[in-house]
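Below, each chain spelled out in residue letters.
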Amino acid sequence: MIYLILFLAFNAVAPIIIYFWGQNINHDILIFISAVTAVVSFHLLNLGQNKNTYRRVLSDSSIWLGLMKVVLTTTFMWVAGFIIPIVFTPFIFVFSYLGWPSFFGAIVMAKTTKNPLYFFQALMVAATFVLFYVITFSSYSLVKIITGVLITMLTGLSLYFYLRASKRLNLKGVNSRQVLAVRYWLLLLIPLALIAYRHEFNLISPSILGKGVVIGMITLVLPLYFGQLCIEKFGSEKFSLAMGFTPILTFLMQFFVVKADFLDVLIALMLALAIALPMIFTYLTTSRRSIVLQN
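Please read all numbers here as calculations on a predicted model, not as lab measurements. (Residues numbered from 1 in each chain as written. Predicted model: local features only at pLDDT ≥ 70, side-chain atom pairs only at ≥ 80, totals over all residues. Heavy atoms only, no water.)

Considering the overall build of the protein chain
Moving on, step 1. Looking only at helices and strands, the protein chain features 13 helices and zero strands.
Moving on, step 2. Ordered by position from N to C terminus, the α and β elements of the protein chain give α-α-α-α-α-α-α-α-α-α-α-α-α.
Moving on, step 3. Here the C-alpha radius of gyration of the protein chain, 20 Å, is about what a compact globule of 295 residues would show, namely 19 Å.
Moving on, step 4. By its C-alpha atoms, the protein chain is 70 × 50 × 35 Å across when sized along the principal axes.
Moving on, step 5. For the protein chain, with 295 residues in total, the buried portion stands at 47%. (Helix = DSSP H or I, 4+ residues; strand = E, 2+ residues; numbered from the N terminus. Rg over C-alpha atoms; globule rule 2.2 N^0.38 Å. Buried < 20%, exposed > 50% of the residue type's maximum accessible area, 1.4 Å probe, protein only.)

A look at the packing of aromatic side chains
Moving on, step 1. In this structure the tally under the stated criterion is 22 aromatic pairs.
Moving on, step 2. Judged by centre distance (5.6 Å) and plane angle (65°), the ring pair of Phe103 and Phe104 falls under edge-to-face.
Moving on, step 3. Overall, Phe103 belongs to the buried group, its relative accessible area being 17%.
Moving on, step 4. Note on Phe104: relative accessible area 15%, which makes it buried.
Moving on, step 5. Ring geometry for Phe129 against Tyr133: centres 6.0 Å apart, planes inclined by 40°, an arrangement best described as tilted. (Phe/Tyr/Trp six-rings, centres within 6.5 Å; stacked < 30°, edge-to-face > 60°.)

What about unusual backbone geometry?
Moving on, step 1. Although it is not a glycine, Lys114 sits at a positive phi angle of roughly 60°.
Moving on, step 2. Tracing the backbone through its elements, the reader meets Lys114 in the loop between α5 (90-113) and α6 (116-136).
Moving on, step 3. The phi torsion at His199 lies on the positive side, around 55°, for a residue other than glycine.
Moving on, step 4. Inspection of the secondary structure assignment puts His199 in the loop between α9 (185-198) and α10 (206-234).

Focus: the confidence of the model for the protein chain
Moving on, step 1. Per-residue pLDDT for the protein chain has a mean of 80; in total, 92% of the residues score no lower than 70.
Moving on, step 2. By mean pLDDT, helix α13 (residues 262-294) is the weakest element of the protein chain at 72, and α6 is the strongest at 88. (pLDDT = per-residue confidence, 0-100.)

Remarks on empty space enclosed by the protein
Moving on, step 1. As enumerated under the stated definition, the model contains one cavity of 30 Å³ or more in all.
Moving on, step 2. The calculated volume of the largest cavity comes to roughly 30 Å³.
Moving on, step 3. Around the largest cavity, the lining residues are Thr53, Arg56, Val57, Ile63, Leu67, Val174 and Gln178.
Moving on, step 4. Within the residue set of the lining of the largest cavity, elements represented by two or more residues are α3 (50-59) and α4 (61-87). (1 Å grid on protein atoms, 1.4 Å probe; cavity = no way out; pocket = protein on both sides within 12 Å on 5 of 7 lines; lining within 4 Å. Points joined across faces, edges and corners; volume = space filled by probe spheres on them.)

Topic: the nonpolar core
As a rule of thumb, soluble globular proteins bury nonpolar side chains together.
Moving on, step 1. Phe95, Phe129, Phe132, Leu159, Tyr162, Tyr184 and Phe239 are the most contacted members of the largest nonpolar core, which has 80 residues in total.
Moving on, step 2. Considering every element that reaches this core, the biggest residue donor is α5, with 13 residues.
Moving on, step 3. Contact partners of Phe129, with chain neighbours within four places excluded, come to Phe95, Ser96, Gly99, Trp100 and Leu271. (Core = buried A, V, L, I, M, F, W, Y, C linked by side-chain atoms within 4.5 Å. Contact = heavy atoms within 4.5 Å.)

Given below as structure tokens:
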């Protein structure tokens, strides 16, 4: 449980840190420094096993394919993480990115366990997203609405696929540190190529380097390390559901720190309730039956 709490806490804090420190930093440089920070940090955490990790990747095609899924979904999520906030709003990105996995997780749990709890969760989360799209996309053109719905759903689906691919790698004996050690190479190489092409290395000052490292630690290294541990402990589906609580923590913090829109908090609260209420109802019903049977 402590890993889940830390994961939620760091994800709530990360947008605030980026808001205050990342606004005046070139995006390619910020991504590059953050990715370097992540690659170095996870290789240090995996110290002594790095050679064995790459040897297993090269010798086992199933592990190689699994890691390719992890790398590609990670890169897509990061690209979407810049496109959606620029074309639409940061709220739309955070809510859909962290909210859609809870829907996909509930659907899979409903199918595998036959428990109606997850079916009701999926329905309530879907209803929340319908309201979310109606409210937040009402001022956009039809083309932007269609584009926005598709790209936000694909971003959330990519995160869910990443969680499943990571869990399958765990089952093959690849631990969280090994997955994270190789996850960011593509994300590192793409901005590196752009910076080299534009001759922008001179823009990396000691101040920007320091801020980039801190942003990388808070937005990539720490939350993803604890998130990877949660995948190992809870499984991809249950962790996907838990991620639906992140937007309410994020927007509550933004509301008090940077005076974010209260409507964002309200919609995020509805998502949290859509996940929590069926669980609370099931718990109360089970507890009442137990008391009746005991009497």
